Amino acid sequence: MATLKLDHVKKIYDGGVVAVHDFDIDIKDGEFIVIVGPSGCGKSTTLRMIAGLEEITEGHAYVDEKEVTNLASKDRDMAMVFQNYALYAHMTIYQNMAFSLTLRKTDKIEIHKKVMAAAEILNLKDQLNKKPKQLSGGQRQRVALGRAIVRTPKIFLFDEPLSNLDAKLRVTMRREIKLLHQRLNATMIYVTHDQIEALTLADRIVVMSMGHVQQIGSPLEIYSDPNNKFVASFIGNPPMNFIDGKIISDGKKFECDDFSFELDEKRKALLKDYVGKNVILGVRPEHFQEGGDIDAVVTMSEHMGASTLFHCDVQNTHLNVKFEGWIDHADNEIIKLSLKQDLICFFDSETENRIR
């Protein structure tokens, strides 16, 4: 397969609109990278620059240390799987999968060998004589994957490939793509707005917002050690709770309008420069525990089988609180809470960057 390096890549459209600012990454051979972010953040534009479908305005792109910045898309040896499958309706599944090799005038025996191998991997051998309209959405997406596999490209590119599928099919196809990566040991770059896809598929995640890379890290790093409030809010479901407050009592306590708590020694040291200043407390729903000084009124419960989510009010502060197991608390019941302080985050109120 291949390595990929984006060296401070930037995309500026006509009129001076900057779609991607200073994208810089080294992708290892065989690595699975997921670029995630909200609509319009620049993730698909980045993928299209990698593919050669969009020109790079500034910066450089390298595949296996060879510069491809100005190389035509067809010469980059990459295969792209699109959101809408992009299958030819008049061709059979076999013909669709063989199409790129046919264009290259590859030997027919070699084409057959590669198509059958891909069909075996994707469980499509019984579908090869059918037309795309005869297949389900999941099967069509497998065909699109098969068309990419037969090319044996250096790099696989995925542009939100599962967004047209229903929830159950997305789970199935997500597993199949993960297994495909393990089987091929291929370099894959995958764009999505779905954080679950990012967390379950990626070796490393790139979080983007408004054209800027906010953080690059493993799924665990992104989830447990976010760089800023945006990353903390975008990754995690239910989302992190954010509470505006202040460090008081010579740095010993966090206080907001509706509750306060004593800081442990590590948090005191962390926040020594923020005494008397405003900060944002970030707490994931699962980082509360029962028992403590915070009186929370249950407004609604959601039983999710392995866990229970409680919507709570502490006076005017709303909190999402998640406990393992099936737990019953009646609406309007008061539960006492405390925080797992080793897992909470604090953010600077002005910059919204993580306080480290």
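Just so it is clear, the structure is predicted and the values come from calculations on it, not from any experiment. (Residues numbered from 1 in each chain as written. Predicted model: local features only at pLDDT ≥ 70, side-chain atom pairs only at ≥ 80, totals over all residues. Heavy atoms only, no water.)

**Thoughts on the overall build of the chain**
Along its length, the chain carries nine helices and 19 strands. Its C-alpha atoms put the chain at 75 × 45 × 35 Å along the principal axes. By the burial criterion, 47% of the 356 residues in the chain qualify as buried. Restricting to contacts in the chain with at least 6 residues of sequence separation, those with at least 24 account for 66%. Total accessible area computed for the chain in this model is approximately 17400 Å², and 47% of it derives from carbon and sulfur atoms. Counting 45 positive and 51 negative side-chain charges, the chain places the centres of these two groups 9 Å from one another. (Helix = DSSP H or I, 4+ residues; strand = E, 2+ residues; numbered from the N terminus. Buried < 20%, exposed > 50% of the residue type's maximum accessible area, 1.4 Å probe, protein only. Contact = heavy atoms within 4.5 Å. Areas by Shrake-Rupley, 256 points an atom, 1.4 Å probe, with all protein chains shown as cover. Lys, Arg positive; Asp, Glu negative; His and termini not counted. Charge placed at Lys NZ, Arg CZ, Asp CG, Glu CD.)

**Focus: the domain arrangement of the chain**
Parsing the chain into structural domains produces domain 1 (4-234) and domain 2 (241-348). Between the C-alpha centres of domain 1 and domain 2 the distance comes to 39 Å. The partner domain 2 presents six residues to the six residues of domain 1 that form the contact. Between domain 1 and domain 2 the total buried area reaches about 630 Å² when both faces are included, carbon and sulfur atoms providing 62% of it. (Domains from an automatic or database assignment. Buried area = accessible area lost by both parts, 1.4 Å probe.)

**Examining the pairing of strand 14 (residues 278-283)**
Counted residue by residue, strand 14 has five buried out of six residues, so it is predominantly covered. Judged from the six bridges that link them, strand 11 (residues 241-248) and strand 14 form a sheet pairing that is antiparallel. In the strand pairing of strand 14, Asp244 is matched with Ile280. Direction of pairing for strand 14 relative to strand 19 (residues 345-348): antiparallel, over a ladder of four bridges. Within strand 19, the position partnered with Leu281 by the bridge is Phe346. (Pairing = 2+ DSSP bridges.)

**Here we look at the pattern of salt bridges**
Evaluation of the coordinates by the stated rule reveals 17 salt bridges. Residue Lys74 pairs with Asp75 through a salt bridge whose shortest N-O separation is 3.4 Å. One salt bridge in this structure joins Lys272 and Asp273, with 3.7 Å as the shortest N-O distance. Side by side, Lys272 and Asp273 carry an identical accessibility label, which is exposed. Among the charged side chains, a network of salt bridges with common partners joins Lys11, Arg48 and Glu54. (Salt bridge = Lys/Arg side-chain N within 4 Å of Asp/Glu carboxyl O.)

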